[in-house]
Amino acid sequence: MELSSRVKQTKGSITLKVNERVSEIAQSGKHVYNMTSGQLPFKPSSEFVEVIKKQLNFLKSYQYSPVAGMKPLRAKFQEHFEHRRQVSFAKADCDVDCIISNGSKHSLYNVFGALIDPGDEVILLTPFWVSYPEMVKFWGGVPVVVKSHAFDAYTPNIEEMRKAITNKTKAIILNSPNNPAGIYYTDQWMKNFAEFLKDYPDLTVISDELYSELYYYDPKPTYFYQHDISLLKQTVIIDGISKSFASTGLRIGFCLAQKELTYAMAKIQSQTTSGPNSLIQRALIEFDFSLLDHYFDPVKEQLRECAQIIRMAFRDANLPHCFYQTNSGFYYLLDFSRMPFFNHLDHEVEDHSDQIVEDILEKTGVALVPGSSFGYPNSARMSMTLEVAPFKEAMGKLIEYIARK
Ligand code: PMP
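These numbers come from a predicted model, not from an experiment.

Caption draft 1: Geometry of the nonpolar core. The biggest cluster of nonpolar side chains holds 137 residues, and the ones touching the most others in it are Phe193, Phe314, Phe336 and Leu368. When residues in this core are grouped by element, the largest group, eight residues, is from helix α12 (residues 297-316). Formed jointly, this core draws a minimum of three residues from each of two domains, domain 1 (5-43 + 292-402) and domain 2 (60-289).

So this is what it looks like as C-alpha cells:
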C-alpha cells in the first residue's frame, strides 16, 4: 500500500511516542517519575460531573448536534469570553460567531484548513506547541519560525517578528500562556504587539488561549486586543474545556472569529466529523461556569509549590542562571545548553534533545518530553503535575544529572 506523501511528511505526536517508552521502562520494574503529562491529575468539579449525569437521561444527549455546535452554548462561550476578557465584540464592530469542535486541536485544524492556501506562510514563535507546524504543513502552508530564548523567559522579540513577515504571510500564532514554556507574555509585550499589528491589518492572529485560566501568580494574563479592541476583527480566538474545566477527554473546543471564517470552518466540519459531543454540550449549557471561579485554587497552590521547588533546586546546585520564573500552565522548559553536563556533548550536532531525554530516563527514571518538537533544540519539557513529594524527589534526581561537570 502506498501512503500519501502528505501523511508521510507528517510527524506523529511526540508525546505518544514518549509515553510508550515510559510504559516499557515501568513494565521492566523500574520506578518512573512521569513528567510528560499534558493534563492535570484532577477530576473536574463535582458540580460539572453532576450536570453531566443529569443529561444522561435525555434522548437528545445521544443524537447529532448541529454541525457548528448547539446555539445556546455557542452564545454562552462568547459571553463567557467577553466577561473574562472584559471586551465586547459589538463595540469592536466585529461580526463574530462561535463554532464548537471536538477539542481545540480540532478547532485549530479547521482554522488552518479554512485559511491556508498552498505556499501561505504562518509565523510560529518558539517554543511552540508541537502540533502547530504539522497542522500548517498538512494544509500545504509553510511554517516560518521566530525564535525566543530562555534568557528572555521565552518571550519573542517583536522586531524579529517584523523581519519574518513577507507578502506570503497569512497568519501568526500566539499561545499565551505558553505550552511548553509555562509563561505568559507580559501586558507591556501585549501592548507592543497591538502597536505592531497596526502596521499589518491583513495579518490574522490566531490566539490560542487554552491555558488562560491556569495562571498561578497574579496578575492574570492579558491579551493584545484588550489594548485596542478593533484588533478583534483580525483575531481568531481558540479555547476549550480541556484545561480550564480539567476535562481533556470530553473533547470540546471552540473558536471565536469573524463569521466568514467560522462558516468556512463549519463547512470542513460538516464533511469530516459533524457536530461535537451532544451530551457534554448539553451539560455545558446547564452548568454555571462561575462555579469554577475557585476550582483551581488548590491546583494553583500545588503549582506554586512546584515552581518554588524548581527555583530552590537550581539555586542549591549553584545554577541560578538556568532558572526562569514560570507563572502559568503546568510546564517548565529545561534549556540543556546552559547546563554544566552539556559541555561533554558534541557541539557540531545541532540538537541532542532526544538523546539527553533518553539518557535521563535510563539513569534517573525521570521521563521528560524532548524539546526538539517545540522548535527549541537541546531542551525538554517537564510537567509540574506530580504531587509535591514525588515532584521534589524527581527534581533532585534531575538536578544531580544536570549539574554534573
Ligand atoms: N493548544 C495548546 C497550546 C495545547 O497545549 C493543547 C493540548 N495540550 C491544545 C491546543 C489542544 O487541546 P484540546 O484539543 O484538548 O482542546
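Caption draft 2: Highlighting α12. For α12, built from 20 residues, the straight-helix expectation of 28 Å at 1.5 Å per residue is met to within 8% by its first-to-last C-alpha distance of 29 Å. Packing partners of the buried residues in α12 comprise β9 (331-335), β12 (379-383) and α14 (388-402). Backbone geometry just downstream of α12 places Asn318 in the positive-phi region, at approximately 60°.

Caption draft 3: How the structure looks around the packing of α12 against α14. Axis separation between α12 and α14 bottoms out at 10 Å; the angle between their running directions is 25°. Taken together, α12 and α14 sit at an angle that is classed as roughly parallel. In the packing of α12 onto α14, the handedness of the crossing is right-handed. Residue-level inspection shows Gln302, Glu305, Cys306, Ile309, Ile310, Ala313 and Phe314 of α12 in contact with α14, the latter providing Val388, Phe391, Lys392, Met395 and Ile399. Class assignment for the residues of the contact of α12 with α14 results in nine nonpolar, one polar and two charged.

Caption draft 4: Layout of the site of the ligand. Near the ligand there are 13 residues, and of these Ser104, Asn179, Asp208, Ser242 and Arg251 occur at the shortest range. A distance of 2.8 Å is found between an oxygen atom of the ligand and a side-chain nitrogen or oxygen belonging to Tyr211. Interatomic distance of 3.1 Å between a side-chain N/O atom of Lys243 and a nitrogen atom of the ligand. Here the ligand has 400 Å² of accessible area as a free molecule, and 92% of this is covered by the chains.

Caption draft 5: Focus on the domain arrangement of the protein chain. Parsing the protein chain into structural domains produces domain 1 (5-43 + 292-402) and domain 2 (60-289). Using only C-alpha atoms to locate each centre, domain 1 and domain 2 end up separated by 26 Å. Taken residue by residue, the interface counts 36 residues in domain 1 and 33 residues in domain 2. For the pair domain 1 and domain 2, the two sides together bury roughly 3,400 Å², of which 58% comes from carbon and sulfur. Of all residues in domain 1, Leu292, Asn327 and Phe374 give up the largest surface area on contact with domain 2, accounting jointly for 19% of the area buried on that side.

Caption draft 6: Broad picture of the packing of helix α4 (residues 71-85) against helix α11 (residues 278-286). Interaxial distance between α4 and α11 falls to 9 Å at its minimum, and their mutual angle equals 55°. For the element pair α4 / α11, the angle class is oblique. The chirality of how α4 crosses α11 is left-handed. When α4 is examined against α11, the residues Pro72, Leu73, Lys76 and Phe77 are found in contact with a partner set consisting of Gln281, Leu284, Ile285 and Glu286. The residue makeup of the contact of α4 with α11, split by class, is five nonpolar, one polar and two charged.

What counts, and at which threshold
Each residue is numbered by its place in its chain's sequence as written, counting from 1. Totals for whole chains, interfaces and linings use all residues, but because this is a predicted model, local features are given only for residues with pLDDT of at least 70 and pairs of side-chain atoms are given and counted only at 80 or more. The basis for every side-chain value is the complete set of heavy atoms in the structure, and neither hydrogens nor water enter the calculation. By convention a nonpolar core is built from buried Ala, Val, Leu, Ile, Met, Phe, Trp, Tyr and Cys residues, the set being connected through side-chain atoms within 4.5 Å. Three exposure classes are used, based on accessible area relative to the maximum for each residue type with a 1.4 Å probe and protein chains only: buried under 20%, partly exposed in between, and exposed over 50%. Strands here mean DSSP runs of E at least two residues long; helices mean DSSP runs of H or I at least four residues long; both are numbered from the N terminus. Marked domain ranges trace back to an automatic or database domain assignment. To estimate the expected span of a helix, subtract one from its residue number and multiply by 1.5 Å. Should any heavy atoms of two residues lie within 4.5 Å, those residues are counted as being in contact. To obtain an axis, a line is fitted to C-alpha atoms, over the contacting stretch when the element is a helix, and the angle between two such axes runs from 0 to 180 degrees between their N-to-C directions. Each angle gets one of four labels, with under 35 degrees taken as roughly parallel, over 145 as roughly antiparallel, 65 to 115 as roughly perpendicular, and the rest as oblique. Note on convention: the crossing is left-handed when the near helix lies turned anticlockwise from the far helix by less than a right angle, right-handed when the turn is clockwise. Asp, Glu, Lys and Arg are counted as charged, while Ala, Val, Leu, Ile, Met, Phe, Trp, Tyr, Cys and Pro are counted as nonpolar; the rest, among them Gly, fall into the polar class. For this purpose, a residue is taken to be near a molecule or strand whenever a single non-hydrogen atom of the residue falls within 4 Å of it. Counting of polar contacts relies on pairs of N or O atoms within 3.5 Å, with two restrictions inside protein: one atom must be capable of donating a hydrogen and the other of accepting it, and residues adjacent in sequence are counted only when both atoms are side-chain atoms. Accessible areas in this description were obtained via Shrake-Rupley with a 1.4 Å probe; residue shielding takes into account the shown protein chains only. Accessible area that two parts lose when put together, with a 1.4 Å probe and added across both, is what the buried area reports.

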